[in-house]
Amino acid sequence: VVPEPAAQVLQPVPNAEQLELATRNRLDAAERELNALNPRELNSEAQAHYQRAKSFIQQARAALQNRNYPFAEQLAKNAATLASFLRKLSAPTSS
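**Comments concerning helix 2 (residues 44-65)**
Residues separated by three or four positions in an α-helix point in the same direction, a consequence of the helix having 3.6 residues per turn. The end-to-end C-alpha distance of helix 2, which contains 22 residues, comes to 32 Å, matching closely the 32 Å that a straight helix rising 1.5 Å per residue would cover. Ala46, His49, Tyr50, Ala53, Phe56, Ile57, Ala60, Ala63 and Leu64 are the residues of helix 2 that are buried. The buried residues of helix 2 all sit within an arc of 145° when viewed along its axis, so they share a single face. Exposed positions of helix 2 whose direction lies more than 90 degrees from the buried face are Ser44, Gln51, Gln58 and Gln65. Contact partners of the buried residues in helix 2: helix 1 (16-35) and helix 3 (69-90). Structurally, the start of helix 2 carries an N-cap: the backbone nitrogen of glutamate 45 is 3.1 Å from a side-chain oxygen of asparagine 43. The first or second residue beyond helix 2 is arginine 67, which carries a positive phi of 60°.

Cut-off values and rules
Residues numbered from 1 in each chain as written. Predicted model: local features only at pLDDT ≥ 70, side-chain atom pairs only at ≥ 80, totals over all residues. Heavy atoms only, no water. Helix = DSSP H or I, 4+ residues; strand = E, 2+ residues; numbered from the N terminus. Expected span 1.5 Å × (residues − 1). Buried < 20%, exposed > 50% of the residue type's maximum accessible area, 1.4 Å probe, protein only. Arc of directions from axis to C-beta. Contact = heavy atoms within 4.5 Å. Polar contact = N/O pair within 3.5 Å; in protein donor to acceptor, adjacent residues only side chain to side chain.

Rendered as C-alpha cells:
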C-alpha cells in the first residue's frame with residue numbers, strides 16, 4: 001500500500017497580487033530572452049540549460065495557476081537566471 005501524498009497547504013502570502021505580477025513580468029522577460037535565441041546554434045550543454053529554463057517557465061506558470069506564488073517566484077528566478085546566462089553565452093564577442 002502506497003500512502004497518499006500529503007495535501008499541500010498554501011499559506012497566505014502578503015502582497016500576493018504584487019508577487020504574482022512581478023513573477024509574471026519576470027517570466028515574460030525570461031521567455032523573451034529565450035525566444036531571441038536559436039537553440040540549434042547552442043552547444044549541447046547550453047541546449048540542456050535552454051530546455052531547463054523552458055521547463056522552469058512552464059512549472060512557474062502552473063504554480064501561478066495554483067496560486068503558489070512563492071514557488072512560482074523561485075522558478076521564475078531560475079528561468080530568468082538561465083535565460084540571462086544563455087543570452088550572454090550566445091552574444092557575439094568583439095575582438
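The rest of the description comes next.
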